[in-house]
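What follows is each chain in one-letter form.
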Amino acid sequence: MKGSAIAFVLAAAAALVSACGIYSFAGTSIQSDVKSITIDFFEYKALRVNPSLSNDLTEALRTQFRKMTSLEQVDLDGDLEISGEVTGYDVKATAVTADEVAAQNRLTITVKVTFENRKHPEDNFENKSFSAYEDYDSTLSLDAVESSLCEEIITKLIDDIFNATVAQW
């Protein structure tokens, strides 16, 4: 009897939370009147060149929204709109040996994001900076590890952007 009472309370709580239309179990807090999103191509404005980064970042963000929300992705005038640019792509030494030689390097990617919520403008932000990095052994060339490092960094950036826009964490 006690187990069925607990199950009933949990089911009622789940129904109540999902009925309000604001919270979901995917961790988003999208208002029920928001139905579509436009994700613009992220322009590349960093000094150091990575020709595929803008496309990879944009596609990863679109995929995240497809997987984690039920928003329809539209080319123009979505209820939500995300735009941005890659502003930094830098490699710096992070660990130096006694011989003053870099033992590790750090690849850091920085993006600036503008978020517009046409239904709820109080959620908007402009030119918010997001940055993520990965370290790698300095005995390896950037060319050898760049692809895998970028994948990991993009995943971190996408999580941060997603959380800032629709999870509001």
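Anything mentioned here points back to the structure above.
This is a predicted model, so every value here is computed, not measured.

1. Remarks on the pattern of salt bridges
Then, number 1: Taken as a whole and assessed by the stated rule, the structure comprises 7 salt bridges.
Then, number 2: With a closest N to O distance of 3.0 Å, Arg62 and Glu59 form a salt bridge. Of this pair, Arg62 and Glu59 both sit in helix α2 (residues 53-68), separated by 3 residues, roughly a single helical turn.
Then, number 3: On the basis of relative accessible area, Arg62 is assigned to the partly exposed category, the value being 22%.
Then, number 4: A relative accessible area of 32% places Glu59 in the partly exposed class.
Then, number 5: Salt bridges linked by common partners bring Asp77, Glu81, Glu116 and Arg118 together as one network.

2. Considerations on the side chain of Glu134
Then, number 1: Residue position: Glu134 is located in strand β6 (residues 125-137).
Then, number 2: For Glu134, a relative accessible area of 15% gives the class buried.
Then, number 3: A distance of 2.4 Å separates polar atoms of two side chains, one belonging to Glu134 and the other to Lys156.
Then, number 4: Setting aside anything within four residues of it in sequence, one finds Glu134 in contact with Asn105, Arg106, Leu107, Leu149, Glu152, Ile153 and Lys156.

3. Some details on the packing of aromatic side chains
Then, number 1: Applying the stated criterion across every chain yields a total of 3 aromatic pairs.
Then, number 2: Aromatic side chains Phe125 and Phe130 sit 6.5 Å apart centroid to centroid with 55° between the ring planes, which places their arrangement in the tilted category. Here Phe125 matches Phe130 in class, with each residue buried.
Then, number 3: Linked through ring pairs, Phe115, Phe125 and Phe130 together constitute an aromatic cluster.
Then, number 4: One residue, Lys128, lies across the ring of Phe125, its end atom 5.1 Å from the ring centre.

4. What to know about the side chain of Thr38
Then, number 1: Within the secondary structure, Thr38 sits in strand β1 (residues 36-39).
Then, number 2: Of the polar contacts made by the side chain of Thr38, one reaches the backbone oxygen of Val74; its length is 3.2 Å.
Then, number 3: Within the structure, the side chain of Thr38 is placed 2.9 Å from the backbone nitrogen of Gly78, a separation counted as a polar contact.
Then, number 4: With residues near it in sequence (within four places) discarded, Thr38 still touches Val74, Asp75, Leu76, Asp77, Gly78, Leu80, Glu81 and Ile82.

5. Some details on unusual backbone geometry
Then, number 1: Residues other than glycine seldom take positive phi values, yet Asp77 does so here, at roughly 55°.
Then, number 2: Along the chain, the position of Asp77 falls in the loop between β3 (72-73) and β4 (80-96).
Then, number 3: The phi dihedral of Asn127 falls on the positive side, at around 55°, and the residue is not glycine.
Then, number 4: Turning to its location among the elements, Asn127 is positioned in strand β6.

6. Some points on the pairing of β4
Side-chain direction in a regular strand flips from residue to residue, so the side chains alternate between the two faces of the sheet.
Then, number 1: Bridge count between β1 and β4: 3 bridges; the pairing is parallel. From the neighbouring strand, Ile39 faces β4, where its bridge partner is Ile82.
Then, number 2: Note: strand β2 (residues 43-44) against β4, 2 bridges, orientation parallel. Across the sheet, residue Glu43 finds its bridge partner in β4, namely Glu85.

Calculation notes
One numbering rule holds for all chains: residues counted from 1, following each sequence as written. Where local features are concerned, this predicted model is filtered to residues with pLDDT of at least 70; where side-chain atom pairs are given and counted, the filter is 80 or more; whole-chain, interface and lining totals use all residues. Excluded from the side-chain calculations are hydrogens and water; all other atoms, namely the structure's heavy atoms, are used. Within this document, salt bridges are pairs made up of a side-chain nitrogen of Lys or Arg and a carboxyl oxygen of Asp or Glu, the two lying within 4 Å of each other. Runs of E in the DSSP output that reach at least two residues are strands. Runs of H or I that reach at least four are helices, and both are numbered from the N terminus. Throughout this description, buried means an accessible area under 20% of the type-specific maximum (1.4 Å probe, protein chains only), exposed means over 50%, and partly exposed covers the range between. Within 3.5 Å is the distance limit for a polar contact, defined as a pair of N or O atoms, with the added protein rule that one can donate a hydrogen and the other accept it, and that residues adjacent in sequence qualify only through two side-chain atoms. The contact criterion used is simple: two residues touch if any of their non-hydrogen atoms lie within 4.5 Å. Pairing of aromatic side chains here covers Phe, Tyr and the six-membered ring of Trp, requires ring centres within 6.5 Å, and sorts the geometry by plane angle: under 30 degrees stacked, over 60 edge-to-face, intermediate tilted. Any Lys NZ or Arg CZ that is within 6 Å of a ring centre and within 35 degrees of that ring's normal is treated as a charge sitting over the ring. Each pair of strands is called paired provided DSSP finds at least two bridges between the two strands.

Keep in mind these values describe shape, not function.
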